[in-house]
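Spelled out, the chains give:
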Amino acid sequence: LVHALSRSRNALLKDLLIRGFVRIYPVDVSEAEKDVPGGYESFNAFFTRALKPGARPPDPDPATILCPADGTIQQIGEIRGDEILQVKGIYYQLGELLGADPEVAEAYVNGSFVTIYLAPWNYHRVHMPAAGRITRMRHVAGELWSVNAMTAERVPGLFARNERLICHCEGQNGPFAVLLIGALNVGSISTAWAGEVLPRDGQAMTEWRYDPADRLTQLGRGDLLGQFNMGSTVILLLPAGQTRWKAELQAGSQVRSGTGLGRLLPASHAT
């Protein structure tokens, strides 16, 4: 029902939805590329709106890891072996998050992670944290729990249980992964190179592997990676020894796409 309503092109309905949403939530419509609500053919087009040019300039330092999305940091830090912190006292398994893919999970053991929650009023496009090639993409079917802080405190293994899209990337310093986590009312996720990927009813897991020569899957720092067609969570994974997060970032920090989260360390620092 939410999927159908959000894509309705009935002018009266979509304008009513957009105006109501802007009244309820603190959306900064001044950043929108088009007029609100008239410039958008549906509520979903508004929700996944592009911003005006220059609204999210990427940090110019090529050694800086860019924040992939606007939102609130739920957790940031180091992966404890193969365990990722969900909230204080609750961990979930790296392998489960990555869809029971032990070979890939091994690359991130004792690595680094950041979990960013996108509230309904946030900008909902996801960008590349570093230049890289998308090597493969995996959809893992699951549940659609809400992913807000209250749910994270009460549902063990939340992000490893929800439907998710895993984008495996290869950058100059090695592999990294960007995960787009589905949530309540979020059964639709799109990527820049494949269009709408979810929903995929009836399939527990689907994987796509990409030819190194495919130019569509070669993305620069800050390039558009994908978008949620409603709000959710982004998780960024990096291998051990590859990054140092900014000391001032912590759970609850507000972040914006394109700002620096930390620094990529030279390959000699990797262990």
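The coordinates are above.
The rules behind the values
- Residues numbered from 1 in each chain as written.
- Predicted model: local features only at pLDDT ≥ 70, side-chain atom pairs only at ≥ 80, totals over all residues.
- Heavy atoms only, no water.
- Helix = DSSP H or I, 4+ residues; strand = E, 2+ residues; numbered from the N terminus.
- Rg over C-alpha atoms; globule rule 2.2 N^0.38 Å.
- Buried < 20%, exposed > 50% of the residue type's maximum accessible area, 1.4 Å probe, protein only.
- Contact = heavy atoms within 4.5 Å.
- Expected span 1.5 Å × (residues − 1).
- Polar contact = N/O pair within 3.5 Å; in protein donor to acceptor, adjacent residues only side chain to side chain.
- Salt bridge = Lys/Arg side-chain N within 4 Å of Asp/Glu carboxyl O.
- Pairing = 2+ DSSP bridges.
- Axes fitted to C-alpha atoms, helices over the stretch in contact; angles between N-to-C directions.

Novice: Lay out the overall build of the chain with the relevant residues and their values.
Specialist: Assigned secondary structure in the chain consists of 7 helices and 18 strands. Here the C-alpha atoms of the chain give a radius of gyration of 18 Å, agreeing with the 18 Å that 2.2 N^0.38 yields for 271 residues. Overall, the C-alpha framework of the chain stretches about 60 × 40 × 40 Å when taken along its three principal axes. Going through the 271 residues of the chain one by one, you find that 53% of them count as buried. Restricting to contacts in the chain with at least 6 residues of sequence separation, those with at least 24 account for 75%.

Novice: Can you tell me about helix α2 (residues 11-24), naming the residues and giving the values?
Specialist: In a regular helix each residue adds 1.5 Å, so 14 residues correspond to 20 Å; α2 covers 20 Å between its end C-alpha atoms and thus fits that length. Within α2 the residues assigned to the buried category are K14, D15, I18, G20 and F21. Contacts made by the buried residues of α2 are with α3 (43-47). For α2, the N-terminal capping position is held by N10, with its side-chain oxygen 3.1 Å away from the main-chain nitrogen of L12.

Novice: Explain the pattern of salt bridges to me, and be specific about the residues and the numbers.
Specialist: For the structure shown, the criterion picks out 11 salt bridges. Note that D15 and K14 form a salt bridge whose closest N and O atoms lie 2.7 Å from each other. The pair formed by D15 and K14 is uniform in burial state, with each residue classed as buried.

Novice: Can you tell me about the pairing of strand β7 (residues 132-140), naming the residues and giving the values?
Specialist: Burial of β7 is extensive: 7 of the 9 residues sit out of reach of the surface. Of the strand pairs in this sheet, β7 and strand β8 (residues 164-171) are connected by 8 bridges, and their pairing is antiparallel. Each bridged residue has a counterpart across the sheet, and for H139 the counterpart in β8 is L165. By the bridge criterion, 5 bridges tie β7 to strand β12 (residues 205-209) in an arrangement that is antiparallel. Pairing of M137 across the sheet is with W208, part of β12.

Novice: Residue-level account of the environment of R19, with values.
Specialist: As for its placement among the helices and strands, R19 is situated in helix α2. Under the relative-accessibility criterion, R19 is labelled partly exposed at 46%. For the pair R19 and V36, spaced 17 residues apart in sequence, the C-alpha to C-alpha distance is 8.3 Å.

Novice: Which residues make up the sheet that holds strand β18 (residues 260-264), and what values go with them?
Specialist: Spatial ordering of the open sheet is given by β1-β18-β16, a layout of 3 strands whose pairing is antiparallel. Each edge of the open sheet is held by one strand with a lone partner, namely β1 (64-66) and β16 (243-245). Strand-to-strand twist of the sheet, defined as the mean angle between neighbouring strand axes without regard to direction, takes the value 35°. Judged from the 3 bridges that link them, β16 and β18 form a sheet pairing that is antiparallel. Each bridged residue has a counterpart across the sheet, and for T243 the counterpart in β18 is L264.

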